[in-house]
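Structural features, examined
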Amino acid sequence: MRRTLIAGNWKMNGSLASIEALIAGIKTGLSEVDKADMAVCPPFVYIPRVRELIGDAPLALGSQNICDQASGAYTGEISGAMLQEFGCRYAIIGHSERRSLYGETDALIAARFAMALETGITPILCVGETLEQREADVTEQVVGEQLDAVIERSGIESIGQCVIAYEPVWAIGTGKTASPEQAQAVHAFIRGKLAAQHAEVAEKVQILYGGSMNAGNAAELLSQPDIDGGLIGGASLKADDFLAIGKSA
Ligand code: PGA
């Protein structure tokens, strides 16, 4: 049985004051979330403070990216070892905003993924199609190629050590959620594609849905057989909404 994971992607939001309030709020309701694991992915600079604020509460910590290199002259990047020092369990990799706004290619994303595994950090690998691609009916091809880039570099067994997040680009931050059927169809495609290469890996890997998931639509999405959690943007910035998603698992 796969556990449900609800991970908050804070993106570039927050301040020292607001993250204190947010973590305090989340902590007050965590004991009522019994069917899901919860995680937060703050901006890099807030990771040490969030680690302190979490204390020993059952709330995992993740980053929003990770460097593909171990150390050295890579201005602006953060290594897996650094993230390890601050207790990061997860790193989001290949988010569509990284792909589209910052030009991250499949090859770079595969390299970041490999480095995360090498440093003991669980990648949350994001895949998903744009609206144009969906309308052109190439969703499976696009998602398949995004997965293949990682599998070619790190092998099919590496997928058993990661979390996949299916995030249709047209649903991110737009208020337009994929319907539970639309999301389930792509999740089933992903699991089927993996199963063709390695049944155990396919059965084990958690596949999260992301894209305007909120307290109102989470229960129905999470009830789909191949949706094992959510990667939550906007709704993860309000403790009550984030907790409500966890409770609906
Ligand atoms: P959203 O973002 O929930 O605000 O749509 C999800 C994401 O980008 O991970």
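Below is a summary of the structure that appears in this document. (Residues numbered from 1 in each chain as written. Predicted model: local features only at pLDDT ≥ 70, side-chain atom pairs only at ≥ 80, totals over all residues. Heavy atoms only, no water.)

Right, let's talk about the overall build of the chain for a bit. In terms of helices and strands, the chain carries 11 helices and eight strands. Projected onto its principal axes, the C-alpha positions of the chain cover 45 × 45 × 35 Å. At a minimum sequence separation of 6, the contacts of the chain that also span at least 24 residues come to 72%. Approximately 10900 Å² of the chain is accessible, and the part contributed by carbon and sulfur atoms is 51%. For the chain, the distance from the average position of its 19 positive side-chain charges to the average position of its 31 negative side-chain charges is 4 Å. (Helix = DSSP H or I, 4+ residues; strand = E, 2+ residues; numbered from the N terminus. Contact = heavy atoms within 4.5 Å. Areas by Shrake-Rupley, 256 points an atom, 1.4 Å probe, with all protein chains shown as cover. Lys, Arg positive; Asp, Glu negative; His and termini not counted. Charge placed at Lys NZ, Arg CZ, Asp CG, Glu CD.)

The next point concerns helix α2 (residues 47–54). Buried residues of α2: Ile47, Val50, Leu53 and Ile54, and no others. Down the axis of α2, the sector holding all buried residues measures 120°, keeping them to one side. Considering only its buried residues, α2 is in contact with α1 (16–29), β2 (36–41), β3 (60–63) and α3 (80–85). Remark: Gly55 follows α2 within two positions and exhibits a positive phi of approximately 60°. (Buried < 20%, exposed > 50% of the residue type's maximum accessible area, 1.4 Å probe, protein only. Arc of directions from axis to C-beta.)

Attention now goes to the nonpolar core. Within the largest apolar cluster, 65 residues are counted, with the highest numbers of intra-cluster contacts made by Val40, Ile159, Ile164 and Ile190. Leaving out residues up to four positions away in the same chain, Val40 has contacts with Gly8, Trp10, Ile23, Ile26, Val50, Ile54, Leu59, Ala60, Leu61, Gly62 and Phe242. Counting 13 residues, the second-largest nonpolar core is a separate cluster that includes Leu5, Cys41, Ala60 and Cys126. (Core = buried A, V, L, I, M, F, W, Y, C linked by side-chain atoms within 4.5 Å.)

So, on to the state of the cysteines. According to the stated counting rule, one finds zero disulfides in the structure shown. Cys41 takes part in no disulfide bond, and the closest cysteine sulfur to it belongs to Cys88, at a distance of 7.9 Å. (Disulfide = S-S within 2.5 Å.)

We now examine the pairing of β2. Counting buried residues in β2 gives five out of six residues, a clear majority hidden from the surface. Bridge count for strand β1 (residues 4–9) against β2 is six bridges, and the pairing is parallel. Counted as the bridge partner of Ile6 is Met38 from β2. Note that β2 and β3 share two bridges and pair parallel. Following the sheet pairing, Ala39 is matched in β3 by Ala60. The parallel pair β2 and β3 is bridged by α2, and the resulting crossover is right-handed. (Pairing = 2+ DSSP bridges. Right-handed = clockwise from strand over helix to strand, strands pointing away.)

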